[in-house]
Structure formats: C-alpha cells, structure tokens
Amino acid sequence: MLPDSWQGVLGEELDAPYFKELTEFVEEERARGPVYPPREEVFAALDATPFDRVKVVVLGQDPYHGEGQGHGLCFSVRPGVRIPPSLRNVFKELRAELGHPIPDNGYLMPWAEQGVLLLNAVLTVRAGEPNSHKGKGWETFTDAVIRAVSARRDPAVFVLWGAYARKKLRLIDTDRHAVVEGPHPSPLSAKKFAGTRPFTAIDEALAAQGHAPVDWRIPALGA
C-alpha cells in the first residue's frame, strides 16, 4: 500500500490503466515463483522516507534478485546478508572520502530515516533474473516519484550514478534542485567511481540548501 505521505502526489498513479496492468503482471509473476522484494516491502523506500522529509534521492535500477537480498531500498540489503559488490564499493569510497569504517552490514535504513530516498526505477524482480520486470510499468510510476520531488518548493539533491540513472536528469528541475552525477559503483566501473567524492558533494549541496548533512555511518550489527 502506498504510504500516506505520498498519497497526495502519487495517488492518481495507482488508478491509471498502466498501474492496474502492472499490478496484474506482478501478481501473475508471484503466482509462478519468487518475486523480490516481498509484497509488503515493494514501497519500502517511500515508507521509510516520507515525501516532506526527502532531501536526497539516490536512484538505482532494479532490486537485488537473490533470496533475502532486496527489501525495497536501492543498494541496501537486510542485516546479516552479504554486502553486494556495488555497495561495498560505495562503502570503500566513504572510507576513503570521509574516513568512515566499512560497516559489517549493508542495511541502509539509517540513511533513509535521515531523508535519503533510496529509489529503484523498477520496484520488483523475478528471482535470479535481473531486469526481468523492466519495461512493465514501474518506470512510469517511479518517474512520477522523481517528478513529484522535483516539483516541491523545498529543494533536494539527486544522485545519479551511471548512465541509466543519468537518463532521469530530464525529469529534474535543475534550477531548483542540485544534481550529483558520477560513474556507477558496480565492479565494472569501480575504478572510475573511486575518488569522485560524491558524499562530500551531497553534503555541500545540502548545506547550500539549508539542510543538515547526512550522517553516512552505518551502525554495526548489534550496536
């Protein structure tokens, strides 16, 4: 269910024909086999970061497709799940850039709770098949999310890592909002990502907007 804080700006999307077709498609997929994340976590990113609290938007592509990995926040995995390569590269950059130790887990909920919307362009995926729900309608919905944040009076910082995310630049009012672009932290482009200092750029942009910086540290399990 769409969280209350997003109903006013996205409620009409749920009544659109494309969304009804999308819902039917995802339910048919779930009837055939595992789909991630679980049904109750599809809108987890919107639930964790209310509309009026969004100050950073990080755009991912689609959920992790391994069992127990995807839980609705892009790049994030549940506590106790092995940290995926892309996220490990993000943590390496945080260590090099800000001196934060690499955490023992990849659970990014502390970021989401500070106003970092961790949004995938596609919100579901068939188990073991990346991009299997691409082009089924999720992109239309998440483009509406981006447009809604872009239309707000309160500015935000959009983080576009990689060519796929950078295509969303057209949806953002760059006169009002800041954009931090760079290579994707995946192993394929990790060397280009290293040293780009995105977190410093994000915090500097937040300061210019009158927002507090993000505490990028991830607590250790059991801390």
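Residues numbered from 1 in each chain as written. Predicted model: local features only at pLDDT ≥ 70, side-chain atom pairs only at ≥ 80, totals over all residues. Heavy atoms only, no water.

## So, the overall build of the protein
Here is step 1 of the chain: Of the regular secondary structure elements, the protein holds 9 helices and 6 strands.
Here is step 2 of the chain: Its C-alpha atoms give the protein a radius of gyration of 17 Å, near enough to 17 Å, the size a compact globule of 223 residues would have.
Here is step 3 of the chain: Counting only residues that meet the buried cut, the protein has 53% of its 223 residues in that class.
Here is step 4 of the chain: Long-range pairs, those at least 24 residues apart, make up 67% of the contacts in the protein with a sequence separation of at least 6.
Here is step 5 of the chain: Per element, the accessible surface of the protein, about 10,700 Å² overall, is 51% carbon and sulfur.
Here is step 6 of the chain: Of the side chains in the protein, 26 bear a positive and 29 a negative charge, and the two mean positions are spaced by 7 Å. (Helix = DSSP H or I, 4+ residues; strand = E, 2+ residues; numbered from the N terminus. Rg over C-alpha atoms; globule rule 2.2 N^0.38 Å. Buried < 20%, exposed > 50% of the residue type's maximum accessible area, 1.4 Å probe, protein only. Contact = heavy atoms within 4.5 Å. Areas by Shrake-Rupley, 256 points an atom, 1.4 Å probe, with all protein chains shown as cover. Lys, Arg positive; Asp, Glu negative; His and termini not counted. Charge placed at Lys NZ, Arg CZ, Asp CG, Glu CD.)

## Quick word on the nonpolar core
Note that soluble globular proteins tend to have their nonpolar side chains buried in a common cluster.
Here is step 1 of the chain: One finds Trp-6, Trp-111, Trp-138 and Phe-141 to be the most contacted residues of the largest nonpolar core, which totals 66 residues.
Here is step 2 of the chain: Of the residues forming this core, the biggest block, 7 residues, is contributed by helix α6 (residues 138–151).
Here is step 3 of the chain: Discounting chain neighbours no more than four positions away, the residues touching Trp-6 are Gly-11, Leu-46, Thr-49, Pro-50, Phe-51, Val-54, Leu-117, Val-145 and Val-149. (Core = buried A, V, L, I, M, F, W, Y, C linked by side-chain atoms within 4.5 Å.)

## Section: helix α1 (residues 4–15)
Here is step 1 of the chain: Along its 12 residues, α1 runs 16 Å from first to last C-alpha, staying within 8% of the 16 Å computed at 1.5 Å per residue.
Here is step 2 of the chain: Among the residues making up α1, those that are buried are Trp-6, Leu-10 and Gly-11. Down the axis of α1, the buried set is contained in an arc of 165 degrees. They therefore lie on one face. Counted as exposed and oriented over 90 degrees from the buried face of α1: Gly-8, Glu-12 and Asp-15.
Here is step 3 of the chain: Summarising the contacts, the buried residues of α1 are in contact with α3 (44–48), β3 (116–120) and α6. (Expected span 1.5 Å × (residues − 1). Arc of directions from axis to C-beta.)

## Looking at the sheet that holds strand β5 (residues 157–161)
The strands that make up a sheet are held in pairs by hydrogen bonds between backbone atoms, and each pair lies either parallel or antiparallel.
Here is step 1 of the chain: A sheet is described by the order of its strands in space; here 4 strands give the open sequence β3-β2-β5-β6, paired in parallel fashion. A strand with exactly one partner marks an edge of an open sheet, and here the two such strands are β3 and β6 (178–182). Neighbouring strand axes in the sheet, compared pairwise and without regard to direction, differ in orientation by 20 degrees on average.
Here is step 2 of the chain: Note: strand β2 (residues 56–60) against β3, 5 bridges, orientation parallel. Across the sheet, Val-58 pairs through a bridge with Leu-118, a residue of β3.
Here is step 3 of the chain: Across the sheet, α6 lies against β2, β3 and β5, angled at about 155 degrees from β3, the strand it touches most. (Pairing = 2+ DSSP bridges. Axes fitted to C-alpha atoms, helices over the stretch in contact; angles between N-to-C directions.)

## Description of the packing of α1 against helix α2 (residues 17–32)
Here is step 1 of the chain: Contact pair α1 / α2: the axes reach a minimum separation of 4 Å and the direction vectors enclose 70 degrees. Judged by the angle between their axes, α1 and α2 are roughly perpendicular. In contact with Glu-13, Leu-14 and Asp-15 of α1, α2 contributes Pro-17, Tyr-18, Phe-19 and Lys-20.
Here is step 2 of the chain: The residue makeup of the contact of α1 with α2, split by class, is 4 nonpolar, no polar and 3 charged. (Parallel < 35°, antiparallel > 145°, perpendicular 65-115°, else oblique. Nonpolar A, V, L, I, M, F, W, Y, C, P; charged D, E, K, R; others polar.)

## Digging into the packing of aromatic side chains
Here is step 1 of the chain: Summed over all chains, the structure comprises 13 aromatic pairs.
Here is step 2 of the chain: Aromatic pair Phe-43 and Trp-138: ring centres 6.2 Å apart, planes at 80 degrees, arrangement edge-to-face. Of this pair, Phe-43 sits in the loop between β1 (35–36) and α3 while Trp-138 sits in helix α6, placing them 95 residues apart in sequence.
Here is step 3 of the chain: Ring centres 5.6 Å apart and planes at 50 degrees place the aromatic pair Phe-43 and Phe-141 in the tilted group. With Phe-43 in the loop between β1 and α3 and Phe-141 in helix α6, this pair connects stretches of sequence that are 98 residues apart. When sorted by exposure, Phe-43 lands in the same class as Phe-141, which is buried.
Here is step 4 of the chain: An aromatic cluster of at least three residues, connected via ring pairs, comprises Phe-75, Trp-111, Trp-161, Phe-193, Phe-199 and Trp-216.
Here is step 5 of the chain: We note Arg-152 situated over the ring of Phe-51; from NZ or CZ to the ring centre the distance is 5.6 Å. (Phe/Tyr/Trp six-rings, centres within 6.5 Å; stacked < 30°, edge-to-face > 60°. Lys NZ or Arg CZ within 6 Å of the ring centre and 35° of its normal.)

## Side note on the environment of Arg-95
Here is step 1 of the chain: Assignment of secondary structure puts Arg-95 in helix α4 (residues 85–98).
Here is step 2 of the chain: Accessibility expressed as a relative area gives 46% for Arg-95, which makes it partly exposed.
Here is step 3 of the chain: Residues Arg-95 and Ala-144, 49 residues apart in the sequence, show an inter-C-alpha distance of 34 Å.
Here is step 4 of the chain: Excluding anything up to four places from it in sequence, Arg-95 contacts His-100 and Ile-102.

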